[in-house]
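Close look at the chain arrangement
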Amino acid sequence: MSKEKIKKMRDIPFERLLASGTAMCAGCGALEALHQIYDILGKNTVFVNAAGCMTLLSVYPFTPFRGSWLYTSMASAPAAAQGIRDALDILIEKKRIKPKDNMQVVVLAGDGSSYGMGLSAASAAIERNLDFIYICYDNEGYGNTGQQYSDATPHAARTSTSKSLTGFQYYKKDIFAIWAAHKPAYAATIIGSDPLDLAKKVEKAKNMKGAKLILALSPCPTGWTFHSNETVKIGKLAVETGIWPLKEYADGKIVHTKIPRERKPVEEYLKIQGRFKHLFEPQRNDKLIAEIQNEVDKYWGHYNH
Amino acid sequence: MKRKLLTGNAAAAWGARLANVDYVPAFPITPQTEIIETLAGWFDEGALKGRFVTLDSEHSMVTAAASAAVTGVRVFSATSSQGLLYASEMLYAVSGYRVPWVLVNVSRGLSSPVTLEADHNDIFALRDSGFLQLHASTCQEALDMVLMAYQIAEDVRVRLPVIVNIDGFYLSFTREPVEIPDENKAREFIGEFDAHNISFRANVPLSHASAVLQGSIYSYFRYEHHLAAIQAISVFNESAEKFEKMFNRSYALIESYMADGADYVFIMIGSFATKAKEAVDMLREAGSLTGLLRLRMFRPFPEEEMKKLLKGKKAAAVIDQNLAPGKGGVIYTETAAALCNEKEAPFLISYIGGLGGRDITAEEFYEIEKEMRKAAETKKPPMARLLFSEAELEAVRKLQGIAGVEKKNEQRKN
């Protein structure tokens, strides 16, 4: 029998384990995902945090977590996960704590850390098959410092360090593929606006040993410039346009958990975000819009046989 | 107890073994690597129980070390030079975790130019990191200081990580006879690891190293850290007393060699102090009242002890094996600060020497002694000196000549 219990929406636990009243922005897509993830992981977790927006969840002497938390640095959260995992294993082996005192070790890092500075530490942790879950909340820029472009910023997006009419000139790094190339136990992309897909994947990761990535695209009202009540809508459009493929890697295979058969034009996703406004105003930039559409079509071309 | 010929590296590793460490996160770097190789071997053969893991960098290594200490195990690690600096962000960060563990630094000069040989710019770059610092000058001390470091770090009044410093090559690769304490006695000396109120356990939530948003909360924690570090002075003395009773070797915060009743003293740190001892012996034979003060603890800085030991001396020469460009020697600066309100303070003269493993010769010590005497007589201490001989300059010029450096400079000008 499979260990997975979540099949339908009604199977998803709704504990609200993560307390409200944090310093996150209204409509934060990362917090939206984290609320749901935490309900599934439960309180016997220690979150190892890398510098980023979520660092402000735990501000002395308060925390929204029922379990534990350790702040580390921008580059080395996976190394802290190693230290904690090893120490818990040692303590259990030496019978200095009971097996019931054990905890799930969870890295919580943004794209700035995960796609860039923290990649060496993450790569090494996966290579050692460290038993941990790595949550990357990806808001496609250095959000906490005011949305400068990062390695996760998509093509043509305007950020506070790519303000020209053509926006960010490079393309988003494929961190999922980088993780998959390491052959981890598991890797999945999720989004807060698809609770069932999210819940199934987080539950799967929770029940596996080894290195597991949960990569959450995190619509960011302040960084992407949209109204805070549109987070869910933008999340859904990211999936429906094919811009954010929902997929998982396990046993050497990548499987798409949701294939948008009739993909909406990327324009629908782009035009409601301030960071892409320059593609439509004052003049429509058909060339750039086509470039973005082309990238998405090219991606799905591999999978639509 | 057994007596063995050990390198400084092996002695430091023995210290960790006798402390019965649970966890060693590691990363290789010359001249430290022998320490982690030795420990890895002991974990493999079962002499040590727990885990040895190689991380992707010293930055990660220090993060893993401190996180394991927060979880509640006894941790040891080692690094050197560029590795220490690569880890420095985390060294500053994790000293604020307020959990005990021990890191050995094998001193090596910093780039650029890149070198493998010893000086103290690496360890002094971390002087304000919040780690305590103990400095060994012999292989025996390398072992003993690691043991004492655990006791000091784990003391409830301190609860701070400690760096034990040994010099690259001069200690790391030099074999000396070392008395290895009996395992059971060493364990009795250190005791079982006690995590106190910091550990990660299911159903015992702990938020550690959380952000603060106010200067007053930040200041509160930083002041606590500082006050705990200062406690390490008396804790060191208590630990040394216990150590002497159990192992019959006596360690003071500042080693005083023939300094009692001396008019002139050398002030040093690390293995080169043994060269100064030899010079002191010769000077004494020639009738000069010269001695040596060697700092064993550098953080916290044993200020009161230093004032007491320097009281009434005519002149003191601080020989720094480090250089803060644009300022000078670190130990000189700190010693001068300690003395600034003292009435019977000696003239203080600054010397920089021994950079990148450069020798400090007996003749240089004799020359320094002459300058101390002259300073006391004329009441005019000389300017800071950079030790470098004409022969050395000639040798450098010769090398440059072989490489055609001068010629290239000429060509560039034309």
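When helices and strands are tallied, chain A shows 10 helices and eight strands. Taken against the 2.2 N^0.38 rule, which gives 19 Å for 305 residues, the C-alpha radius of gyration of chain A at 19 Å falls within 12% of a compact globule. Evaluated residue by residue, chain A yields a buried proportion of 51% over its 305 residues. The long-range fraction of contacts in chain A, counting pairs at least 24 apart against all pairs at least 6 apart in sequence, stands at 69%.

Looking now at the interface of chain B and chain A. Chain B puts 38 residues into the contact, and the matching count from chain A is 38 residues. Mapped onto the side of chain B that touches chain A, the elements with two or more residues apiece are β2 (23-26), β3 (51-54), α3 (58-71), α5 (88-95) and β9 (207-208) of chain B. Tallied by class, the residues present in the side of chain B that touches chain A amount to 21 nonpolar, 11 polar and six charged.

All names here are of chain B. Under the domain assignment used here, chain B contains domain 1 (2-200 + 207-247) and domain 2 (254-392). Each of domain 1 and domain 2 has a C-alpha centre, and these two points are 27 Å apart. At the level of elements, α6 (121-125), β6 (132-135), β7 (162-167) and α9 (215-247) are the ones that each hand at least two residues to the side of domain 1 that touches domain 2. No other element matches the five residues that α9 contributes to the side of domain 1 that touches domain 2.

To continue, consider the environment of Val 59 of chain A. By the element assignment, Val 59 of chain A lies in the loop between β1 (45-49) and β2 (68-71). Separated by 193 residues in the primary sequence, Val 59 of chain A and Gly 252 of chain A place their C-alpha atoms 40 Å from one another. Ignoring anything within four residues of it in the chain, the contact list for Val 59 of chain A reads Ala 23 of chain A together with Ser 210, Ala 211 and Leu 213 of chain B.

Moving on, we get to helix α13 (residues 362-378) of chain B. All names here are of chain B. Its 17 residues give α13 an end-to-end C-alpha distance of 24 Å, which sits within 8% of 24 Å, the value for a rise of 1.5 Å per residue. What α13 keeps buried is the set Phe 365, Ile 368, Glu 369, Met 372 and Ala 375. Buried residues of α13, viewed axially, fall in a sector of 120°; they line one side. Among the exposed residues of α13, those oriented more than 90 degrees off its buried face are Glu 363, Lys 370, Glu 377 and Thr 378. After α13 finishes, the residue Lys 379 shows a positive phi value of roughly 55°.

Let us look at the nonpolar core. Membership of the largest hydrophobic core comes to 218 residues, with the highest contact counts inside it found for Val 48 and Ile 214 of chain A together with Ala 12, Val 146 and Val 164 of chain B. If you tally residues by element for this core, the top one is helix α7 (residues 139-154) of chain B, at 11 residues. A domain-level breakdown of this core finds at least three residues from each of domain 1 (2-200 + 207-247) and domain 2 (254-392) of chain B. With sequence-adjacent residues up to four places away left out, Ile 214 of chain A is seen in contact with Ile 37, Ile 133, Tyr 134, Ile 135, Ala 188, Ile 190, Lys 201, Val 202 and Ala 205 of chain A.

Residues and elements named next belong to chain B. Two elements in contact, α7 and helix α8 (residues 183-190), have axes separated by 9 Å at closest approach and are oriented at 30°. Viewed along their axes, α7 and α8 adopt a mutual orientation that is roughly parallel. From α7, Leu 147, Tyr 150 and Gln 151 reach across to α8, where they touch Ala 186, Phe 189 and Ile 190. Split by residue class, the contact of α7 with α8 holds five nonpolar, one polar and no charged.

Residue and element names in this part refer to chain A. Counting buried residues in strand β5 (residues 186-191) gives six out of six residues, a clear majority hidden from the surface. Of the two faces of β5, the one carrying Tyr 186, Ala 188 and Ile 190 and the one carrying Ala 187, Thr 189 and Ile 191 are both buried. Bridge count between β5 and strand β6 (residues 211-217): six bridges; the pairing is parallel. In the strand pairing of β6, Thr 189 is matched with Leu 215. In this region the chain leaves β5, passes through helix α6 (residues 195-206) and returns to the parallel neighbour β6; the handedness of that crossover is right-handed. Summarising the sheet, β5 and strand β7 (residues 246-250) pair through two bridges and their orientation is antiparallel. Residue pairing for β7: Ala 187 is matched across the bridge by Tyr 249.

Attention now goes to the environment of Ile 90 of chain A. Along the chain, the position of Ile 90 of chain A falls in helix α2 (residues 77-93). Along the primary structure Ile 90 of chain A and Asp 39 of chain A are separated by 51 residues, whereas in three dimensions their C-alpha atoms are 28 Å apart.

Reading the values: rules and limits
Residues numbered from 1 in each chain as written. Chains lettered and ligands numbered in written order. Predicted model: local features only at pLDDT ≥ 70, side-chain atom pairs only at ≥ 80, totals over all residues. Helix = DSSP H or I, 4+ residues; strand = E, 2+ residues; numbered from the N terminus. Rg over C-alpha atoms; globule rule 2.2 N^0.38 Å. Buried ≥ 20, exposed ≤ 12 C-beta atoms within 10 Å, placed from the backbone. Contact = placed C-beta atoms within 7 Å. Nonpolar A, V, L, I, M, F, W, Y, C, P; charged D, E, K, R; others polar. Domains from an automatic or database assignment. Expected span 1.5 Å × (residues − 1). Arc of directions from axis to C-beta. Core = buried A, V, L, I, M, F, W, Y, C linked by C-beta atoms within 7 Å. Axes fitted to C-alpha atoms, helices over the stretch in contact; angles between N-to-C directions. Parallel < 35°, antiparallel > 145°, perpendicular 65-115°, else oblique. Pairing = 2+ DSSP bridges. Right-handed = clockwise from strand over helix to strand, strands pointing away.

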